[in-house]
Amino acid sequence: VFVNDAFGTSHRAHASIEAIAHLLPSAAGRGMAAELMALGQVLDTPERPLAAVIGGAKVSSKLALLSTLVEQVQVLAVGGAMANTFLLAKGIGIGSSLCEPDLMDIAGGILATAGVAGCEIVLPEDVVVAAELVPGTATQTVGVTAIPDGMMVLDVGPKSADALARRLADCRTLVWNGPLGAFETEPFDRGTCSVARAAAKLTRGGKMISVAGG
């Protein structure tokens with residue numbers, strides 16, 4: 001008997017996940033069942049207002065997700081390097097930050113769709129920048145309209161993290177995928193951790209249902 005409890009890899013058509021299910025009697029494990037029940041609760045019949053926090057490096061890897069969410073959620077917060085492409089689409093200079101200039105038009109289209117759909121898109125208002133992505137590097141916190149040339153945006157700033165946490169306090173459901181900064185390298189984990197702690201507090205207090213993945 002094959003029991004699949006690998007929720008995080010079940011989208012992959014691998015021999016050990018998909019092919020074996022055609023060869024043996026198969027079932028979902030209890031962990032898989034819990035994940036699917038939680039996702040169903042937030043995606044099929046969510047309590048609203050529904051918020052999504054989407055971060056990570058590339059718009060291209062989550063383009064379909066963003067295009068779908070913008071018509072389903074009331075609040076869509078975009079962070080990580082993905083936010084840089086959206087800032088660029090709004091005519092904001094981003095220094096030497098990672099971005100995808102060829103997707104500026106698509107990002108602009110998502111912003112326009114959000115306006116029609118009544119979805120509030122939350123982008124950083126301040127950011128943490130540095131000349132290089134290494135532990136202990138010198139950093140500055142600046143407004144998004146004052147990013148210096150030659151500097152990289154590597155995290156959301158404290159004002160942005162606090163504003164997002166306050167916005168989540170008005171929401172009943174949260175879906176989160178991806179970090180708000182280069183969180184693998186200190187101190188660029190602070191924004192992600194700050195908002196995550198706020199979401200956890202709301203969840204523990206019974207004020208919000210939250211599901212995080214990725």
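All values derive from a computational prediction rather than experimental measurement.

Student: I'd like to hear about the sheet that holds strand E6 (residues 126–130), residue by residue, with values.
Tutor: Pairing within the open sheet is antiparallel, and its 3 strands lie in the order E7-E6-E8. Sheet topology places strand E7 (139–143) and strand E8 (152–156) at the edges, where each strand pairs with a single neighbour. Averaged over neighbouring strand pairs, the angle between their axes works out to 40° when direction is ignored. For E6 and E7, the ladder comprises 5 bridges, and the chain directions are antiparallel. Among the inter-strand pairings, Val128 is bridged to a residue of E7, identified as Thr141.

Student: A description of the pattern of salt bridges should follow, citing residues and the corresponding values.
Tutor: In total, this model carries 3 salt bridges according to the counting rule given. Taking the shortest distance from any N to any O, the salt bridge between Arg172 and Glu47 comes out at 2.9 Å. Note that Arg172 is positioned in the loop between helix H6 (158–168) and strand E9 (173–177) and Glu47 in the loop between helix H2 (30–43) and strand E3 (50–54), a separation of 125 residues in sequence. Since its relative accessible area comes to 37%, Glu47 is described here as partly exposed. Here Arg167 makes a salt bridge to Glu120, at a shortest N to O gap of 2.7 Å.

Student: Describe the nonpolar core, listing the residues and the values that go with them.
Tutor: Residues Leu66, Leu76, Val78, Phe86 and Ile121 are the most contacted members of the largest nonpolar core, which totals 33 residues. Mapped by element, the contributors of at least two residues to this core are E3, helix H3 (63–69), strand E4 (75–78), helix H4 (80–89), helix H5 (104–117) and E6. It is H4 that contributes the most residues to this core, 4 residues altogether. Leu76 has contacts with Ala52, Ile54, Leu66, Leu69, Val70, Cys119, Glu120, Ile121 and Val122, leaving out every residue within four places of it along the chain. In terms of nonpolar packing, the next biggest core, distinct from the first, is built from 17 residues, Val53, Val156, Leu164 and Leu174 among them.

Student: Any chance you could break down the packing of H4 against H5 for me, citing the residues and the numbers?
Tutor: One way to put it is that H4 packs onto H5 with a least axis distance of 8 Å and a crossing angle of 85°. Classified by the angle between their axes, H4 and H5 sit roughly perpendicular to one another. Across the interface between the two elements, Thr85, Phe86, Leu88 and Ala89 from H4 touch Met104, Ala107, Gly108, Ile110 and Leu111 from H5. Each residue belonging to the contact of H4 with H5 can be placed in one class, and the counts come to 7 nonpolar, 2 polar and no charged.

Student: Which residues make up the pairing of E3, and what are the values?
Tutor: Here E3 lies mainly inside the structure; 5 of its 5 residues are buried. Of the two faces of E3, the one carrying Leu50, Ala52 and Ile54 and the one carrying Ala51 and Val53 are both buried. Relative to E4, E3 runs parallel, the two being bridged by 4 bridges. Residue Ala52 lies in a different strand from E4, and its bridge partner there is Leu76. Crossover E3 to E4 through H3 is right-handed.

Thresholds applied
Residues numbered from 1 in each chain as written. Predicted model: local features only at pLDDT ≥ 70, side-chain atom pairs only at ≥ 80, totals over all residues. Heavy atoms only, no water. Pairing = 2+ DSSP bridges. Helix = DSSP H or I, 4+ residues; strand = E, 2+ residues; numbered from the N terminus. Axes fitted to C-alpha atoms, helices over the stretch in contact; angles between N-to-C directions. Salt bridge = Lys/Arg side-chain N within 4 Å of Asp/Glu carboxyl O. Buried < 20%, exposed > 50% of the residue type's maximum accessible area, 1.4 Å probe, protein only. Core = buried A, V, L, I, M, F, W, Y, C linked by side-chain atoms within 4.5 Å. Contact = heavy atoms within 4.5 Å. Parallel < 35°, antiparallel > 145°, perpendicular 65-115°, else oblique. Nonpolar A, V, L, I, M, F, W, Y, C, P; charged D, E, K, R; others polar. Right-handed = clockwise from strand over helix to strand, strands pointing away.

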